[in-house]
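Coordinates in review
The residues making up each chain are set out below.
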Amino acid sequence: MQTVREQVMDIIESYAGKEVATDGDISLIDDLEFGSLQLVGALTEIEEKFHISFEEGEKLLDMVDSLEKIIEYVEGYNEIS
């Protein structure tokens, strides 16, 4: 069974169209050059897979600038439920 991290990485990699190195923090926009459709698609798929809802606003903007923050958010959400 895959960990939350592996599942999130699979989704991100499917939208990036390539394998994503996990050394260091990665920005979906700056490093992976996600366009708005890729960004919305990836976040929506993560929400659906883990039955969560990303909060809108500044917190979400911080998260898309850090893949690590997205993974931590999903892992934290899953610990609660």
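These numbers were taken from a predicted model, which means no experiment stands behind them.

Topic: unusual backbone geometry
Phi angles above zero are rare outside glycine, and E33 is one such case at about 55°. With a phi angle near 55°, H51 is a residue other than glycine that sits in the positive phi range. Overall, H51 belongs to the exposed group, its relative accessible area being 66%.

Side note on the side chain of Q7
Along the polypeptide, Q7 turns up in helix α1 (residues 4–16). At 3.1 Å, the side chain of Q7 and the backbone oxygen of Q2 are in polar contact. If we skip the residues at most four places from it in the chain, Q7 touches Q2, K49 and F50.

Some remarks on the nonpolar core
One finds V8, I12, I46 and F54 to be the most contacted residues of the largest nonpolar core, which totals 25 residues. Elements that contribute at least two residues to this core include exactly α1, α2 (36–50), α3 (58–64) and α4 (67–80). Contact partners of V8, with chain neighbours within four places excluded, come to I46, F50, L67, I70, I71 and V74.

How each quantity is defined
All residue numbers here refer to positions counted from 1 along the written sequence of the relevant chain. This being a predicted model, a pLDDT of at least 70 is required before a residue's local features are given, and a value of 80 or more before pairs of side-chain atoms are given or counted; all residues contribute to the totals for chains, interfaces and linings. Hydrogens and water molecules were not included; the side-chain quantities draw on all heavy atoms of the structure. For each residue, the accessible area found with a 1.4 Å probe, counting protein chains only, is set against the maximum for its type, and the residue is called buried under 20%, exposed over 50%, and partly exposed in between. What counts as a helix is a DSSP run of H or I of at least four residues, what counts as a strand is a run of E of at least two, and both are numbered from the N terminus. The term polar contact refers here to a pair of N or O atoms within 3.5 Å; inside protein, the definition further demands a hydrogen-donor-capable atom paired with an acceptor-capable atom, and it admits residues adjacent in sequence only when both atoms are side-chain atoms. Pairs of residues are marked as contacts when any of their non-hydrogen atoms sit within 4.5 Å. Grouping buried Ala, Val, Leu, Ile, Met, Phe, Trp, Tyr and Cys residues that are joined through side-chain atoms within 4.5 Å yields what is termed a nonpolar core.

These figures capture arrangement, not role.
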